[in-house]
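Spelled out, the chains give:
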Amino acid sequence: MKTKISALIVLFLMAIGVHAQIDRSVMPKPGPSPKIVLEEPSQFELDNGIKVLVVENHKLPRVSYSLRIDNKPIPEGDKAGVSSILAAMLGNGTKSISKDEFNDEIDFLGANLSFGSSSAFASGLSKYGERILELMADAAINPLLTKEEFEKEKEKAIEGIKADEKSVDAAASRVGSALSYGKNHPYGEFVTEETLNNIEFSDVLAYYDKYFTPNNAYLVVVGDVELSDIENKIKNYFGSWEKNVDVGISLPEVMPNVQYTQINFVDMPNAVQSNISLMNNVDIKMNDEDYHSVLIANRILGGDFNSYLNMNLREEHGYTYGARSNVSMNRWGASRFTAGAAVRNAVTDSAVVETLKEIKRIKTEPVESNTLNTVKASYVGDFVRRLESPQTIANYALQKELNDLPDDFYTTYLEKINAVTKEDVQRVANKYFKTDNARIVVVGKGSEVLENLEKTGIPIMYFDKYANKTEKPNYDADMPEGVDANTVLNNYLEAVGGKAKIDELTSILVSYEASAMGSTILSEEKRLDGKTAQSISMNGNPMMTVILTKDKATMNKNPLPENMAKDMRTLAGLFPELNMLNDDNVKLTGVEEVDGEKAYKVEVPGDVVSFVNYYSVETGLKIKEDQITSMQGQTQNQETMLKDYQEYEGIKFPNVRSGSQMGQVIEFKLKEVKINEGVSEADFD
């Protein structure tokens, strides 16, 4: 026993001695890169050209099949959208199995099956693996493509385009790609209602026959399978797929980078925040020597939470919820560097300046050693974690095939990541992050952001939301002389009933009803002078109650934050417009079209919640309300359309209030109005 105790004491003293010799001020040297040994998938090829990669993994009784047809990017021109309609139609039955029977069997097997215009994926339990493979092959080779299904998917696509009409993000993506690559390039063209209307059923069939072929196809199998068994099954189910004549696809050149840095501005009056994206085309592929250095440089600049851009725009300044950068690697010569964020209107110009500042920083200042080591360690960790998935092994093998990568690309991946130096980061940043030849695409509310953007000194060019060059917006063109916010507010009060009728009011009760998601939603408002209570219930169950008075502002009896409460009190009372009259903060900011009707735009700014109301130039009635909430770097806009005013005891109320909730338009219809009855002080306790 004494010997054991003495040994423990010696070990303890040795540990203290070792600890005392460690210099905590010196960064530990990284150890050698982990040795990466990748299992090579088994491969074989069918007579029709399909290349098959198989990764056996018997840990779980599951199997997946990934089909990829490796076509060049395909221009669709004035029929842009034909591939997306085909993708929506595929996987919904075969020539021998109806759509309902097909989908029912997929559900019964507990399988997943999905199609793209040049791909397919299926997965499920390995005991059903053969049947899943058979269904996938049948749906790929003998798809049930009917005119009825075509018309349905085309209509859905058109509705999707209409739903995105006011989306700032959709416009930013569309314009950015069109300006970067050119509208004639497959990566730059975009789908519109017009191009969708150009598409006929025969176009979809022709696209399928021409491009959905086994000529350049890869089938990746991962899971609980035996090679000899799965090879026979694949030959059985995919072997009959007939090879087509190779189609030569000619790609236009991508647009050259601009000669000088410029802002390309798209005015969207409904924008509650600006979408900023700095971009330039680059020439880089996965098999280039700079590949690993670019990965590290991009992550330092804007590739993760602790990046230069995010620490500046989000953490230091609070401009945005997240700022990012990316370098896309494209083997067809259409690679691109992008950096940007969605930011509050008021800081749009500052965000542009700070983005350029951080890009300049990585190009001119060596990255700190601890930052470089942390980023490389993060890449190593991500890479090792991905190796736990058999799907990764198959994907790496496929990437080697598609991108002409050397055999040791992935086995030496970590060595090359760890070999990236400060000098490499600075070199590739200067080579690929071209701030002297960059477009800064800004999509936002011109009436609020343009004046300050002009002060940056960066030249501004103007485009519409379909990337057509246009003139600078003129926000004063339709503003009548002598009209101000008070004029518009008084006209509204006159239009809804007039001062005499409003003076007779002591209380108002209005309720609206809507049907959505299989539920009945009831919204009820009770109003007294200086007080408002609004409650929402679903199927008779109370969901939310908001009470606003001069002394309190609560939601479900919980006090709202004081800065929010101050803003929300604007809504308290018989008519919010009575609170806005003669308020110097309330501004008339322009005339805009709302559903084809010209409307005065009146803005009520707030610290957290702001309001924008639109009043018809012709009738004076309010036809749209926007409630804009900005918290923790995020901005949310709730739009409400007001239509079909009806008169009750001399006071007009909108018969319909509609707005979007969770991507669905919900229409509330007026159910009940009570004037000077049905409301008491107890409703505001």
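Relevant structure appears above.
So, how was this worked out
Numbering of residues starts from 1 in each chain and follows the order in which that chain's sequence is written. In keeping with the predicted nature of the model, local features appear solely for residues at pLDDT of at least 70, side-chain atom pairs appear and are counted solely at 80 or more, and the whole-chain, interface and lining totals rest on all residues. The side-chain quantities take in all heavy atoms of the structure and omit both hydrogens and water. Helix numbering and strand numbering both begin at the N terminus, where a helix is a DSSP run of H or I of at least 4 residues and a strand a DSSP run of E of at least 2. Throughout, a contact is declared for two residues whenever any of their heavy atoms are within 4.5 Å. Note on areas: Shrake-Rupley with a 1.4 Å probe; residue coverage comes only from the protein chains shown. The charge count includes Lys and Arg as positive and Asp and Glu as negative, but it does not include His or the ends of the chains. Where a charge lies is defined by one atom per residue type, namely NZ (Lys), CZ (Arg), CG (Asp) and CD (Glu). Two rings belonging to Phe, Tyr or Trp (six-membered ring only in the last case) form a pair when the distance between their centres is within 6.5 Å. Interplanar angles under 30 degrees mark stacking, angles over 60 mark edge-to-face geometry, and anything in between is tilted. Think of it in three bands: residues with accessible area under 20% of the maximum for their type are buried, residues over 50% are exposed, and the middle band is partly exposed, with areas taken using a 1.4 Å probe on protein chains only. Here, patches come from residues exposed beyond 30% relative accessible area and free of salt bridges, joined within 9 Å for like charges and within 5 Å for nonpolar side chains (Val, Leu, Ile, Met, Phe, Trp, Tyr). For this document, the term salt bridge refers to a Lys or Arg side-chain nitrogen within 4 Å of an Asp or Glu carboxyl oxygen. Pairing between strands is defined by DSSP: at least two bridges between them are needed. Between N-to-C directions, angles span 0 to 180 degrees; the directions come from axes that are lines fitted to C-alpha atoms, helices contributing only their stretch in contact. Picture the helix axis, draw a direction to every C-beta atom, and the arc is the one those directions span. Crossing chirality is assigned from the near helix's rotation relative to the far helix, an anticlockwise turn below a right angle marking it left-handed and a clockwise turn marking it right-handed. For this classification, the nonpolar set comprises Ala, Val, Leu, Ile, Met, Phe, Trp, Tyr, Cys and Pro, the charged set comprises Asp, Glu, Lys and Arg, and every other residue, Gly included, is treated as polar.

Enquirer: What is the right way to read the overall build of the protein from this model?
Expert: Summing up its helical and strand segments, the protein has 21 helices and 26 strands in all. Dimensions of the protein, computed from the C-alpha atoms along their principal axes, are close to 90 × 75 × 70 Å. Of the contacts formed within the protein by residues at least 6 apart in sequence, a portion of 70% connects residues at least 24 apart. By element, 48% of the accessible surface of the protein is carried by carbon and sulfur atoms, the whole surface being about 34,300 Å². In the protein, 74 positive and 103 negative side-chain charges are present, and the distance between their average locations comes to 5 Å.

Enquirer: Where do I start with the packing of aromatic side chains in this structure?
Expert: The relation between two aromatic rings is expressed through the spacing of the ring centres and the mutual angle of the planes. Tallying each qualifying case throughout the model produces 20 aromatic pairs. Here the aromatic rings of phenylalanine 150 and phenylalanine 201 are separated by 5.8 Å at their centres, their planes lie at 45°, and the arrangement is tilted. Placement of the pair is phenylalanine 150 in helix H5 (residues 147-163) and phenylalanine 201 in helix H8 (residues 201-211), with a sequence separation of 51 residues. Judged by relative accessible area, phenylalanine 150 falls into the buried class, the value being 1%.

Enquirer: Explain helix H2 (residues 82-89) to me, please; I cannot follow it from the model alone.
Expert: For an α-helix, 3.6 residues make a turn, and residues three or four places apart therefore share a direction. Of all eight residues in H2, six are buried; the element is thus mostly enclosed. Turning to H2, its buried residues number three or more, namely Val82, Ser83, Ile85, Leu86, Ala87 and Met89. If you follow the buried residues of H2, they end up packed against strand E4 (112-116), H5, helix H7 (193-197) and H8. Glycine 91 lies just past H2 and shows a positive phi near 80°.

Enquirer: When you look at a negative patch on the surface in this model, what are you seeing that I'm missing?
Expert: A contiguous patch of negative charge, built from Asp100, Glu101, Asp104 and Asp107, is present on the exposed surface. Relative to the helices and strands, aspartate 104 resides in helix H3 (residues 99-108).

Enquirer: Is there a simple way to think about the sheet that holds strand E10 (residues 335-344) in this case?
Expert: The strands making up a sheet associate through backbone hydrogen bonding, with each pair oriented either parallel or antiparallel. Reading across from one edge, E9-E10-E8-E11-E7-E12-E13 is the order of the seven strands in this open sheet, with mixed pairing throughout. At either end of the open sheet lies a strand with only one pairing partner, and these are strand E9 (320-328) and strand E13 (469-470). As paired elements, strand E7 (residues 262-267) and strand E12 (residues 460-463) share four bridges and run parallel to each other. Residue pairing in the sheet places isoleucine 263 in a bridge with isoleucine 460 of E12. Sheet strands in contact with helix H6 (residues 168-181) are E7, strand E8 (273-282), E9, E10, strand E11 (439-444) and E12, and its direction is about 20° off that of E8.

Enquirer: I'm lost on the pairing of strand E16 (residues 531-538) in this one. Help?
Expert: Each regular strand shows side chains that alternate between the opposite faces of the sheet. Judged from the eight bridges that link them, strand E15 (residues 519-528) and E16 form a sheet pairing that is antiparallel. Paired with leucine 522 across the two strands is serine 537, which belongs to E16. What sits between E15 and E16 in their antiparallel hairpin is a turn of two residues, with glycine 530 showing a positive phi close to 80°. When E16 meets strand E17 (residues 541-548), the two strands line up antiparallel, connected through seven bridges. When the bridges of E17 are listed, serine 537 appears paired with proline 542. Following E16, the chain reverses through two residues before pairing antiparallel with E17; asparagine 539 in that reversal takes a positive phi of roughly 50°.

Enquirer: What's the story with unusual backbone geometry in this structure? I'm lost.
Expert: As a rule of thumb, non-glycine residues mostly have phi less than zero, and peptide bonds are mostly trans rather than cis. Non-glycine residue aspartate 404 carries a positive phi angle of around 55°. Of note, aspartate 404 is situated in the loop between helix H14 (390-402) and helix H15 (413-418). Phi at lysine 557 is positive, roughly 70°, even though this residue is not glycine. Turning to its location among the elements, lysine 557 is positioned in the loop between strand E18 (553-555) and strand E19 (558-559).

Enquirer: Got a minute to help me understand H8 in this structure?
Expert: Among all positions in H8, only Phe201, Asp203, Val204, Tyr207, Tyr208 and Tyr211 are buried. All buried residues of H8 fall inside an arc of 165° around its axis, so they share one side.

Enquirer: Quick question: what am I supposed to make of the packing of helix H10 (residues 291-303) against helix H12 (residues 348-364) here?
Expert: What describes two packed helices is the angle between their axes and the distance between those same axes. Following both chains from N to C, one finds H10 and H12 inclined at 145°, their axes separated by 11 Å at the closest point. Judged by the twist between their axes, the crossing of H10 over H12 is right-handed. Taking contact as the criterion, the partners of Ala297, Ile300 and Leu301 in H10 are, on H12, Glu358, Ile359 and Ile362. Classifying every residue of the contact of H10 with H12 gives five nonpolar, no polar and one charged.

Enquirer: Can you help me understand the environment of isoleucine 74 in this one?
Expert: Within the secondary structure layout, isoleucine 74 lies in the loop between strand E3 (62-69) and H2. Separated by 340 residues in sequence, isoleucine 74 and leucine 414 have C-alpha atoms that sit 35 Å apart. Look past the residues within four positions of isoleucine 74 in its chain and what remains in contact with it is Pro186, Glu189, Tyr207, Tyr211 and Ile249.

Enquirer: I keep staring at the pairing of strand E2 (residues 51-56) and nothing clicks. Help me out?
Expert: Pairing of strand E1 (residues 42-45) with E2 involves four bridges; the strand directions are antiparallel. In the strand pairing of E2, glutamate 45 is matched with lysine 51. Here E1 folds back onto E2, and the loop between the two strands holds five residues, one of which, glycine 49, carries a positive phi near 105°. Bridge count for E2 against strand E6 (residues 217-223) is six bridges, and the pairing is parallel. Looking at the pairing, valine 52 lines up with leucine 219 of E6.

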